[in-house]
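Spelled out, the chains give:
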Amino acid sequence: MIFRSLKAKIFILTFTPLLLFFLAIIINTHVFQKQQTVEDTYSFFRSVIGNYTSSVEKWQSGRANMVQNIARISKAELSSRNFLQATSDAYKADVYFAQDDGKIYASDQSEEEFAKGVYDDPYDPRDSSWYKNANDKVFMDDLYFEETVNDWVVSWVIRKEDGVLGLDVRIGDMDLADKNLKLPSSGKLLLVDSHDNV
């Protein structure tokens, strides 16, 4: 009987502190996690925005460099369907060369459209903001709905002799954020253009 009570005492003396320790951890985590979340929210979002901004800037810079490099290619190659399609596949983007005479050669055109240098639907690239705003430096246009691909795109363009070279990235193909970025369970990232369109 004494042995059983000694065994019970040892069990109680060992189990009770462990139970209190785990109970303290649960209470501490529950109570102080809320306090920590409130206190660190500003710091957390500064960190998230800083990391996200860095990712976006790196991504934008990469696309601008692509357009700059493609712009060095001859006009004859830019009018080659095979070249435009291979470039499009490599960069997950639509690549096109719009000439000053209104013809456009694009990676997303059918063979017939490409051969004619026009889309089947009436479309004059010279009326587009990306065409009008292009100059000798790579320019990133605002996010807009592109009817030729039926999707939202961002364009990087540069003026070349006799036309404008462009690269469109569809919104669904954008890979901006760090995959390891941890957001709160209700957190979301939004893309906003210079006109405050989400």
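Everything that follows concerns the structure shown earlier in this document.
Residues numbered from 1 in each chain as written. Predicted model: local features only at pLDDT ≥ 70, side-chain atom pairs only at ≥ 80, totals over all residues. Heavy atoms only, no water.

(A) Examining the packing of aromatic side chains more closely. In this structure the tally under the stated criterion is five aromatic pairs. Note on tyrosine 119 and tyrosine 123: the rings are 5.8 Å apart at their centroids and 85 degrees apart in plane angle, and the pair reads as edge-to-face. Given a relative accessible area of 23%, tyrosine 123 falls into the partly exposed group. Residues phenylalanine 145 and tryptophan 152 carry aromatic rings whose centres are separated by 5.6 Å and whose planes lie at 70 degrees to one another, so their mutual orientation is edge-to-face. By way of ring pairs, the aromatic residues Tyr96, Trp130 and Tyr131 are connected into one cluster. (Phe/Tyr/Trp six-rings, centres within 6.5 Å; stacked < 30°, edge-to-face > 60°. Buried < 20%, exposed > 50% of the residue type's maximum accessible area, 1.4 Å probe, protein only.)

(B) Broad picture of the environment of arginine 63. With respect to the element layout, arginine 63 can be found in helix 1 (residues 2–71). For arginine 63, a relative accessible area of 16% corresponds to the buried category. Sequence separation between arginine 63 and leucine 167 is 104 residues, and the spatial gap between their C-alpha atoms is 8.1 Å. (Helix = DSSP H or I, 4+ residues; strand = E, 2+ residues; numbered from the N terminus.)

(C) Expanded view of empty space enclosed by the protein. Following the criterion strictly, the structure yields one cavity of 30 Å³ or more and no others. Quantified by volume, the largest cavity comes out at close to 90 Å³. If you go around the largest cavity, you meet 13 residues; those closest to its centre are Tyr96, Tyr119, Glu146, Thr148 and Asp168. Within the residue set of the lining of the largest cavity, elements represented by two or more residues are strand 1 (94–99), strand 2 (104–106) and strand 4 (144–146). Across the lining of the largest cavity, the residue classes break down as eight nonpolar, one polar and four charged. (1 Å grid on protein atoms, 1.4 Å probe; cavity = no way out; pocket = protein on both sides within 12 Å on 5 of 7 lines; lining within 4 Å. Points joined across faces, edges and corners; volume = space filled by probe spheres on them. Nonpolar A, V, L, I, M, F, W, Y, C, P; charged D, E, K, R; others polar.)

(D) Region of interest: the side chain of serine 107. Looking at where serine 107 falls in the secondary structure, it is placed in the loop between strand 2 and helix 4 (111–116). Of note is the side chain of serine 107, whose polar atom sits 3.4 Å from the side chain of serine 88. Sequence-distant contacts of serine 107, defined by excluding residues within four places in its chain, comprise Leu84, Gln85, Ser88, Ala93, Asp94 and Val95. (Polar contact = N/O pair within 3.5 Å; in protein donor to acceptor, adjacent residues only side chain to side chain. Contact = heavy atoms within 4.5 Å.)

(E) Region of the structure containing the pairing of strand 6 (residues 163–170). Buried residues dominate strand 6, accounting for seven of its eight residues. The sheet contact formed by strand 1 and strand 6 spans six bridges and is antiparallel. Note on strand 6: the bridge partner recorded for glutamine 99 is glycine 163. Pairing of strand 5 (residues 151–160) with strand 6, which is carried by eight bridges, proceeds in the antiparallel orientation. Paired with isoleucine 158 across the strands is leucine 165, a residue of strand 6. Counted along the chain from strand 5 to the antiparallel partner strand 6, the turn is two residues long, and its residue aspartate 162 has a positive phi close to 65 degrees. (Pairing = 2+ DSSP bridges.)

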